[in-house]
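# An overview of the molecular structure
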Amino acid sequence: MKECLNVPVFRIISDIAAEENVKAFVIGGFVRDCILNRPSKDIDIVVLGSGIDFAGKVAKRLGKKRLNVFKNFGTAMLQAGDFEVEFVGARKESYRQESRKPIVEDGSLEDDQNRRDFTINAMAISLNSESYGQLIDPFDGVCDLGNKIIRTPLDPNTTFSDDPLRMMRAIRFASQLGFQIEASCFASIQQNRNRIKIVSMERVTDELNKIVLSPKPSVGFIMLEATGILDIIFPEFQALKGVDESGGQRHKDNFYHTLQVLDNIASVSNNLWLRWAAILHDIAKPLTKKFEPDLGWTFHGHEFLGSKMVPSIFRRMKLPLHESMRYVQNLVMLHLRPIVLSQEIVTDSAVRRLLFDAGENIEDLMTLCEADITSKNPNTVRKHLSNFQKVREKMIELEARDSIRNFQPPISGDDVQDAFGIKPCREIGIIKNHIKDAILDGIIPNDFDAAWDLMVSKGAELKLDVRLSKEELKAIAMVRGS
Ligand code: CTP
């Protein structure tokens, strides 16, 4: 295992362990990832004694002024080059029933390994001179890594009740690494699923995001569903599952469709929020589902309702509520537009409106729409993709000509107020929209002079007289920066 230890800080830890006559080991994720050949920047060191005292000595040797000490957890952390090194004293079983906050009690290395989450995370490598580089693997974690198995060191009911977040971690590792969860471990997650409720939403969401970012996220979501955890943490997603039948017609199962869209996105993008847009694009289908005898199954307005559901889902899941949420809302709201467009004759006006509504998100929206084609019929897929291609070509052509993507109307609401000498009122909105629509429909070019003429004529229709000349308004608008 010596090749895992070619980071300078290990030698320093080893020297201090010898000087202080304290046993030290590297343990957990770093060892697992080294055997799997995955790069890892987090190093966990367990010592038989005080982790905080030991960390202090390492910090001193490294000439570090900063050592982050977490007294309640008996841990300390320092930065060594690119690596974050965390020190902890070996502990015995140390969790309470009703909470995941540990009680710290000194123990042996074996005690410490017993209370870790999975066999693949319980392996340690000795940093002590007499056995430097020796792997200590009491539960055959290496074998489980080879067989791609997630298994707990102790009875899974004990391991999961010590810390119920581990149920999510099991599924997260399975999804990230493409592993299976061992049968009794899986059954134990099913049995203990309600205990996930005592874990804070932030930590649950942290694991969920790791599942979302895994190479094939459907693997994790299918396990979340099968264990019953999905229904507890994300009932809106659970509700997508199932197929109804009426008049001999069945709709597709939106749970599996959504997972396929998510996997499609995952194969082309690592953008977490684009993946979330895939997860949520059809989230309102169960609420809008209707059987109409002439049309079959319909989901009218699911894109609008879906985009309205995004904030409450983000709030409950403690996901960020600003830019990322608005991006997801925008994509959910618009996800049908390119499809509708591609089924009609692609008019300049419709493409300009799409560019205006999607703005900077247009590329991601097109990616989402392409991922949304999950038909098994190759002709249907080919037809959709070639129509999308036409939409894309038209977008490039119009964007080059009209710069709609970052479109700001050449005359603002303030300009309209000043031009007619009026206070805020309904007419301002009418005139502004009239100018915007005329530009998007290609009736006038996207410039100030053309917008001025239209504003004056629309104002006259509304019985408003201009109080300024075009040049005066231009000068005011320039000072205002509009
Ligand atoms: N651990 C545990 N139970 C938990 C969390 C962590 O037993 N609920 C142990 C495992 O031995 C784990 C180690 O603490 O390997 C470090 O945890 P963490 O840094 O959260 O995870 P890693 O396994 O390092 O994986 P990743 O970096 O992908 O999160």
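Scoring rules and cut-offs
Residues numbered from 1 in each chain as written. Predicted model: local features only at pLDDT ≥ 70, side-chain atom pairs only at ≥ 80, totals over all residues. Heavy atoms only, no water. Buried < 20%, exposed > 50% of the residue type's maximum accessible area, 1.4 Å probe, protein only. Helix = DSSP H or I, 4+ residues; strand = E, 2+ residues; numbered from the N terminus. Pairing = 2+ DSSP bridges. Contact = heavy atoms within 4.5 Å. Expected span 1.5 Å × (residues − 1). Polar contact = N/O pair within 3.5 Å; in protein donor to acceptor, adjacent residues only side chain to side chain. Near = heavy atom within 4 Å. 1 Å grid on protein atoms, 1.4 Å probe; cavity = no way out; pocket = protein on both sides within 12 Å on 5 of 7 lines; lining within 4 Å. Sits in = over half its atoms within 2 Å of the grid points. Domains from an automatic or database assignment. Axes fitted to C-alpha atoms, helices over the stretch in contact; angles between N-to-C directions. Points joined across faces, edges and corners; volume = space filled by probe spheres on them. Nonpolar A, V, L, I, M, F, W, Y, C, P; charged D, E, K, R; others polar. Disulfide = S-S within 2.5 Å.

## Section: the pairing of strand β5 (residues 83-89)
Burial runs high along β5: five of the seven residues are buried. Adjacent in sequence and paired antiparallel, strand β4 (residues 75-80) and β5 are bridged by two residues, among which Gly81 carries a positive phi angle near 60 degrees.

## Observations regarding the environment of Glu370
Tracing the backbone through its elements, the reader meets Glu370 in helix α20 (residues 362-371). Taking relative accessible area as the criterion, Glu370 reaches 27% and is therefore assigned partly exposed. Taking the C-alpha atoms as reference points, Glu370 and Ile265, separated by 105 residues in sequence, lie 9.0 Å from one another. Apart from the residues lying within four places of it in its own chain, the contact partners of Glu370 are Leu385, Phe388 and Arg392.

## A closer look at helix α24 (residues 448-461)
When the terminal C-alpha atoms of α24 are compared, their 20 Å separation across 14 residues agrees well with the 20 Å that a helix rising 1.5 Å per residue should span. What α24 keeps buried is the set Phe448, Ala450, Ala451, Trp452, Leu454, Met455, Lys458 and Gly459. The N-cap of α24, judged by a side-chain oxygen 3.4 Å from the amide nitrogen of Asp449 a few residues on, is Asp447. Among the residues trailing α24, Lys463 stands out with phi positive, at a value near 65 degrees.

## Quick word on the site of the ligand
Taken together, 13 residues form the shell around the ligand, and within it Arg32, Asp117, Asn121, Asp163 and Arg172 come nearest. Between an oxygen atom of the ligand and a main-chain N or O atom of Gly29, the distance comes to 3.1 Å. Arg166 places a polar side-chain atom, nitrogen or oxygen, 3.0 Å from a nitrogen atom of the ligand. According to the grid-proximity analysis, the pocket containing the ligand is the largest pocket. For the shell around the ligand, the secondary-structure elements that each account for two or more residues are α2 (29-36) and α7 (165-177). The residues that make up the shell around the ligand include at least three from each of domain 1 (2-141) and domain 2 (156-233).

## Here we look at the sheet that holds β4
Within a sheet, each strand pairs with its neighbour through backbone hydrogen bonds, oriented either parallel or antiparallel. Read from one edge of the open sheet, seven strands run β3-β4-β5-β2-β1-β6-β7, paired in mixed fashion. Edge positions in the open sheet fall to β3 (68-70) and β7 (135-136), since each of these has one partner strand only. Strand contacts of helix α1 (residues 8-20): β1 (24-27), β2 (42-47), β4 and β5, with the helix running at about 10 degrees to β2, the strand carrying the most contacts.

## Some words on the layout of surface pockets
In this structure, the largest pocket occupies an estimated 1,200 Å³ of space. The wall of the largest pocket is formed by 38 residues, among which Asp44, Glu86, Arg116, Arg169 and Arg203 lie closest to the centre. Sorting the residues of the lining of the largest pocket by element identifies α2, β2, β4, β5, α7 and α9 (201-212) as the ones contributing at least two each. The greatest single-element share of the lining of the largest pocket, amounting to five residues, is contributed by α7. By residue class, the composition of the lining of the largest pocket is 12 nonpolar, five polar and 21 charged. Both of domain 1 (2-141) and domain 2 (156-233) provide at least three residues apiece to the lining of the largest pocket. There is about 420 Å³ of room inside the second largest pocket. For the lining of the second largest pocket, the elements supplying multiple residues, two or more each, are α16 (302-316), α18 (337-343) and α21 (378-402). Tallied by class, the residues present in the lining of the second largest pocket amount to seven nonpolar, nine polar and five charged.

## A word on the state of the cysteines
Per the stated rule, a full pass over the model turns up one disulfide. Two residues, Cys4 and Cys34, share a disulfide whose sulfurs are 1.9 Å apart. Linking Cys4 and Cys34, the disulfide has an S-S dihedral of approximately -90 degrees and is accordingly described as left-handed. Placement of the pair is Cys4 in the segment before α1 and Cys34 in helix α2, with a sequence separation of 30 residues. Note on Cys4: relative accessible area 4%, which makes it buried. Of the residues examined, Cys34 reaches a relative accessible area of 22% and is grouped as partly exposed.

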